[in-house]
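Survey of secondary and tertiary structure
Single-letter residue listing:
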Amino acid sequence: MIRYALFVTMCIAIVSATTPLVSAVMHQDTAKQESDDAPIEIFGLRIGRDTLSKSESLQYIDVSYGMSTVDRQGFAKTAEAMPSYRIRFGSESRSVSATTNIMRSEQSGVSLDFLNATPLQGDATTGPSTRVSMWSLSFDNSTGFAYDLGGDASVVLSHGGGGMWGWLDRQSMAVTDTQHVVDFGRAMRFGERSTAGVTVRLGSAFSIDMNADWSLLYPRHQFLQWATSHIVEGIADGIVTTLVKRAGVKSPGALPILHFLLRNGVAAGFKLLRTRDMNWPFNSAPPLSVITYRIGFGMAF
């Protein structure tokens with residue numbers, strides 16, 4: 001959790017250091033003269049029709065590499081980091097405000113992940129180490145706001161998440177881990193994922209992606225408790241989203257950073273609560289927690 005928070009803080013520091021436009025935009029005067037054209041609302045900002053620079057729909061694909069740590073309540077210690085590989089593809093919608101140079105990006109896609117086998121724990125007294133590989137298939141959406149740097153270059157700060165299905169391939173198990181791993185069997189298990197991302201677009205087509213993912217894989221799916229838990233999270237996220245949009249109207253330059261920090265903060269908080277009880281606030285079994293830090297290369301067309 002601390003490393004997850006540090007990742008978010010580091011990303012903000014990078015953006016602030018490399019994008020001098022941020023401070024200038026945040027203090028610009030957002031007042032504008034009334035127009036005869038009726039205003040329209042774009043990502044929570046009320047702007048005139050003449051301020052919409054462009055809007056486009058694209059397809060994207062990206063590949064990434066990262067390191068993942070696997071843990072579950074009851075493990076004697078957190079697993080050592082294991083290599084993780086991902087391929088992701090889907091559709092993206094982009095719109096840019098000409099008055100603020102802030103772009104909104106919405107992505108919907110599918111990703112396939114593979115976590116390579118690595119020892120989880122075990123020593124001479126417990127027998128062989130627990131070694132697992134993990135495959136996961138996820139369907140997620142993300143929303144991000146970007147600072148337009150000109151020339152089709154931009155820095156996008158995003159929040160995303162969605163449902164996933166994963167399955168473990170056990171190769172060996174330590175005695176102390178037996179029940180904690182056997183709970184998941186060899187069948188596909190339902191789970192969830194949230195992602196905090198920073199994307200540096202080098203042009204309209206190419207990008208470098210840096211992400212922190214937090215995934216929870218459930219040993220079983222209890223629909224009513226799961227639905228109630230996510231309704232509570234949805235209410236909290238809705239309140240935060242509304243506050244971010246209102247703040248963005250007064251200070252458009254702050255919108256990307258506030259959206260990134262607050263929405264990802266809510267998601268991380270609920271993930272932390274669910275590491276002990278997967279259907280918090282209900283008493284329930286602990287999930288398998290997978291935190292991944294990755295960097296990748298993307299292409300839009």
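Before going into details, it helps to say that this report is about the structure given with it. (Residues numbered from 1 in each chain as written. Predicted model: local features only at pLDDT ≥ 70, side-chain atom pairs only at ≥ 80, totals over all residues. Heavy atoms only, no water.)

1. A closer look at the overall build of the chain
For the chain, the count of helices and strands is five helices and ten strands. Looking at the chain as a whole, 49% of its 301 residues qualify as buried. Contacts in the chain between residues far apart in sequence, at least 24 positions, make up 71% of those at least 6 positions apart. Working note: accessible area of the chain is about 14100 Å², and carbon and sulfur atoms make up 61% of it. (Helix = DSSP H or I, 4+ residues; strand = E, 2+ residues; numbered from the N terminus. Buried < 20%, exposed > 50% of the residue type's maximum accessible area, 1.4 Å probe, protein only. Contact = heavy atoms within 4.5 Å. Areas by Shrake-Rupley, 256 points an atom, 1.4 Å probe, with all protein chains shown as cover.)

2. As for the packing of aromatic side chains
Counted according to the given criterion, the structure contains nine aromatic pairs. Ring plane angle 80° and centroid distance 6.1 Å describe the contact between phenylalanine 139 and tryptophan 165, whose orientation is recorded as edge-to-face. Taken as a pair, phenylalanine 139 in strand S6 (residues 131-150) and tryptophan 165 in strand S7 (residues 153-172) lie far apart in primary sequence, 26 residues in all. The class of phenylalanine 139 is partly exposed, set by a relative accessible area of 43%. Judged by centre distance (5.6 Å) and plane angle (80°), the rings of phenylalanine 190 and tryptophan 226 are edge-to-face. A residue pair is termed long-range when its members are at least 10 positions apart, and phenylalanine 190 in strand S8 (residues 189-201) and tryptophan 226 in helix H4 (residues 223-250) qualify at 36 residues. (Phe/Tyr/Trp six-rings, centres within 6.5 Å; stacked < 30°, edge-to-face > 60°.)

3. Some remarks on the packing of H4 against helix H5 (residues 255-274)
The N-to-C vectors of H4 and H5 enclose an angle of 165°; their axes lie 9 Å apart at closest approach. As summarised for this structure, H4 and H5 are arranged roughly antiparallel, according to the angle between their axes. The two elements H4 and H5 meet at a crossing, and its hand is right-handed. Residues Ser229, His230, Val232, Glu233, Ala236, Asp237, Val240, Thr241, Val244, Ala247 and Gly248 of H4 lie in contact with H5, whose contacting residues are Leu255, Leu258, His259, Leu262, Arg263, Val266, Ala267, Phe270 and Arg274. Residue classes in the contact of H4 with H5 are distributed as eleven nonpolar, five polar and four charged. (Axes fitted to C-alpha atoms, helices over the stretch in contact; angles between N-to-C directions. Parallel < 35°, antiparallel > 145°, perpendicular 65-115°, else oblique. Left-handed = near helix turned anticlockwise from the far one by under 90°. Nonpolar A, V, L, I, M, F, W, Y, C, P; charged D, E, K, R; others polar.)

4. Here we look at the nonpolar core
Formed by Val70, Met82, Leu115, Met134, Met164, Leu168, Phe184, Leu217, Leu288 and Val290, the largest nonpolar core amounts to ten residues. For this core, the elements supplying multiple residues, two or more each, are S7 and strand S10 (288-300). Trp214, Tyr218, Trp226 and Met278 belong to the second-largest nonpolar core, a separate cluster that totals nine residues. (Core = buried A, V, L, I, M, F, W, Y, C linked by side-chain atoms within 4.5 Å.)

5. So, the pairing of S8
The element S8 is extensively covered by neighbouring structure, given that eleven of its 13 residues are classed as buried. Note: S8 against strand S9 (residues 206-217), eleven bridges, orientation antiparallel. When the sheet's bridge partners are listed, threonine 195 is paired in S9 with aspartate 213. Adjacent in sequence and paired antiparallel, S8 and S9 are bridged by four residues. (Pairing = 2+ DSSP bridges.)

6. Topic: the pattern of salt bridges
Scanning the entire structure with this criterion turns up 13 salt bridges. Note that arginine 104 and glutamate 106 form a salt bridge whose closest N and O atoms lie 2.4 Å from each other. Measuring nitrogen to oxygen at the nearest pair gives 2.8 Å for the salt bridge that ties arginine 263 to aspartate 237. You can see arginine 263 sitting in helix H5 and its partner aspartate 237 sitting in helix H4, a full 26 residues away along the chain. Exposure remark for arginine 263: the relative accessible area of 14% places this residue in the buried category. For aspartate 237, a relative accessible area of 17% gives the class buried. The network of salt bridges with common partners includes Arg86, Asp113, Arg193, Asp213 and Arg294. (Salt bridge = Lys/Arg side-chain N within 4 Å of Asp/Glu carboxyl O.)

7. Brief notes about the environment of methionine 82
Mapping methionine 82 onto the fold places it in strand S4 (residues 82-97). In this structure the C-alpha to C-alpha distance between methionine 82 and leucine 115, which are 33 residues apart in sequence, comes to 6.6 Å.

8. Some details on unusual backbone geometry
Phi is mostly negative for residues that are not glycine, and the peptide bonds are mostly trans. In the segment running from tryptophan 280 into proline 281, the intervening peptide bond is cis, with an omega of 10°. Its location among the elements puts proline 281 in the loop between H5 and S10.

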